[in-house]
Amino acid sequence: MKYDFNNDADRDFPSMVVAEICNVCNLRCTHCGCRKVIESSEYKPYFLELDIFKRVVDEVVLHKNSFLRFTSDGEPLLHPQILDMVKYAKLKGIFPVTINTNGLLLDNNTAMHLLESGIDVIEISINAFTKETYNKFRINADYDTLMKNIENIIFMKKSKNYNTKLMVSTINFPGYEEEVKQFDEFWSGKADKVIIRTFFDHQGLVDNICEKKLKSIDRFPCPQFWKRITVAANGWLKYCVNDWFNKTKIADLRTGITIQEIWNSDEYKKMRERQIKGEYDKINICGSCTDWQAMDWNYDYNFAINELTNPK
């Protein structure tokens, strides 16, 4: 397989810009690196500054190949200006704009404002089918509240015919294959799209939560270097979306540097060359990483969003 950009537009600018707008969370999930970060002595809460976010949006909108994904190292709906951010991105004309949330803060008021903003995709990470499994992996969560919120947003979408797509996702935790099938069958008739993600251990932060382990596979270059870049909550650009401790920071957006400049920089080109050559240990945190196993060159989040928002 040839590992390269999909097209010249992606070569010039990343097809996905991930906006990690905060690193705080209302949950402490066993399968998420956020819990370990928040519990660490070096943790400091960050909320992406609105002016930095607006500069990111103003740059992204210039590149029609690129879309904006709201997520975080925690829960994006905890950012006090999240609704203003979504509105700004849509008013500027970015398409699509997506958000990934655990759904517990998606009450009627928040759901209504998101739908009214014209957001293109709301993804709710459920990560379980049964209440028992949900409570096992989701700490401090309320399954009944989540189900009520999802039912409400489905009703609101249909009643006013909003164009927003609803996507639900789970993780193929080893040992829970049958439940993953049940999840897919149940939600396929309710949501616009179901995503089943590959379980990975967040570079060893959550390596003891499953009874079984995934089979190891031959390593391949990480697609992130060719497809996405991450804006961290503290204003830094990172080359790894799974970098919980900001060890892959490559530039400070507060200095005025642009995403395009970094994407086309000699440093980024060198990291891509090292990925192709298999010199992973020469790139910070890549050498010991196993998270690349959750990436797929043939079908990833970019493809899923394109299928959902640009149906043929």
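Our subject is the structure that appears above.
All figures in this text were calculated on a predicted structure; none of them were measured in a lab.

Analysis parameters
Residues numbered from 1 in each chain as written. Predicted model: local features only at pLDDT ≥ 70, side-chain atom pairs only at ≥ 80, totals over all residues. Heavy atoms only, no water. Helix = DSSP H or I, 4+ residues; strand = E, 2+ residues; numbered from the N terminus. Buried < 20%, exposed > 50% of the residue type's maximum accessible area, 1.4 Å probe, protein only. Contact = heavy atoms within 4.5 Å. Areas by Shrake-Rupley, 256 points an atom, 1.4 Å probe, with all protein chains shown as cover. Lys, Arg positive; Asp, Glu negative; His and termini not counted. Charge placed at Lys NZ, Arg CZ, Asp CG, Glu CD. Core = buried A, V, L, I, M, F, W, Y, C linked by side-chain atoms within 4.5 Å. Axes fitted to C-alpha atoms, helices over the stretch in contact; angles between N-to-C directions. Parallel < 35°, antiparallel > 145°, perpendicular 65-115°, else oblique. Left-handed = near helix turned anticlockwise from the far one by under 90°. Nonpolar A, V, L, I, M, F, W, Y, C, P; charged D, E, K, R; others polar. Phe/Tyr/Trp six-rings, centres within 6.5 Å; stacked < 30°, edge-to-face > 60°. Pairing = 2+ DSSP bridges.

Draft legend 1. Molecular detail of the overall build of the protein chain. Each helix and strand in the protein chain was counted, giving twelve helices and nine strands. Once the C-alpha set of the protein chain is aligned to its principal axes, its extents read approximately 50 × 45 × 45 Å. Within the protein chain, the fraction of its 312 residues that count as buried is 55%. Partitioning the contacts of the protein chain with sequence separation of at least 6, the portion at a separation of at least 24 is 75%. Element-wise, carbon and sulfur atoms account for 48% of the exposed surface of the protein chain, whose accessible area totals about 14500 Å². Of the side chains in the protein chain, 42 bear a positive and 44 a negative charge, and the two mean positions are spaced by 1 Å.

Draft legend 2. Quick look at helix H4 (residues 82–92). Taken together, the buried positions of H4 are Ile 82, Met 85, Val 86, Tyr 88, Ala 89 and Lys 90. Among the structural elements, helix H3 (50–60), strand E2 (67–71), strand E3 (97–101) and helix H5 (108–117) are those in contact with the buried residues of H4. Just downstream of H4 lies Gly 93, where phi reads positive at about 105°.

Draft legend 3. The arrangement of the nonpolar core in detail. If you look at the biggest cluster of nonpolar residues, it comprises 91 residues, and the most contacted ones within it are Phe 70, Ile 122 and Ile 126. In terms of residue count, helix H7 (residues 143–160) provides more of this core than any other element does, seven residues in total. Beyond its immediate chain neighbours, meaning those up to four positions away, Ile 122 contacts Ile 99, Thr 101, Leu 106, Leu 114, Leu 115, Ile 153, Thr 164, Lys 165, Leu 166 and Met 167. Within the second largest apolar cluster, five residues are counted, among which are Phe 137, Ile 171, Phe 173 and Tyr 176.

Draft legend 4. View of the packing of H3 against H4. It is the contact of H3 with H4, at a shortest axis distance of 10 Å, that shows an interaxial angle of 25°. Considering their axes alone, H3 and H4 lie roughly parallel with respect to each other. Remark: the crossing between H3 and H4 carries right-handed chirality. Taken together, the residues of H4 that come into contact with H3 (itself represented by Leu 50, Phe 53, Lys 54, Val 57 and Asp 58) are Met 85, Tyr 88, Ala 89 and Lys 92. Here the contact of H3 with H4 is composed, by residue class, of six nonpolar, no polar and three charged.

Draft legend 5. Expanded view of the packing of aromatic side chains. Per the stated rule, a full pass over the model turns up 19 aromatic pairs. When the centroid spacing of 5.7 Å and the interplanar angle of 65° are considered together, the rings of Phe 129 and Phe 186 count as edge-to-face. Of this pair, Phe 129 sits in the loop between strand E4 (121–125) and helix H6 (131–137) while Phe 186 sits in helix H8 (residues 177–187); the two residues are 57 residues apart in sequence, bridging distant segments of the chain. We classify Phe 186 as partly exposed; its relative accessible area is 37%. A ring pair is formed by Phe 220 and Trp 292, whose centres lie 5.1 Å apart and whose planes are at 85°; its orientation type is edge-to-face. Of the two residues, Phe 220 sits in the loop between strand E6 (193–197) and helix H9 (224–227) while Trp 292 sits in the loop between helix H11 (266–277) and helix H12 (301–309), which places them 72 residues apart along the sequence. Taken together, the ring pairs connect Tyr 3, Phe 5, Phe 225, Trp 226, Tyr 239, Trp 263, Tyr 268 and Trp 297 into an aromatic cluster.

Draft legend 6. The arrangement of the sheet that holds strand E9 (residues 249–252) in detail. In spatial order, the strands read E6-E5-E4-E3-E2-E1-E7-E8-E9; together these nine strands make up an open sheet with mixed pairing. The open sheet is flanked by E6 and E9, the only strands paired with a single partner. Taking the axes of each pair of neighbouring strands and ignoring which way they run, one obtains an average angle of 25° across the sheet. Sheet analysis places strand E8 (residues 236–238) next to E9, joined by three bridges and oriented antiparallel.

Draft legend 7. Quick look at the pairing of E2. Most of E2 is tucked away, with five of its five residues classed as buried. The side-chain alternation of E2 yields two buried faces, one formed by Phe 67, Arg 69 and Thr 71 and the other by Leu 68 and Phe 70. Relative to E2, strand E1 (residues 16–20) runs parallel, the two sharing five bridges. What sits directly across from Glu 20, in E2, is Thr 71. The pairing of E2 with E3 spans three bridges and is parallel. Within E3, the position partnered with Phe 70 by the bridge is Ile 99.

Purely spatial values, then, with no claim about function.
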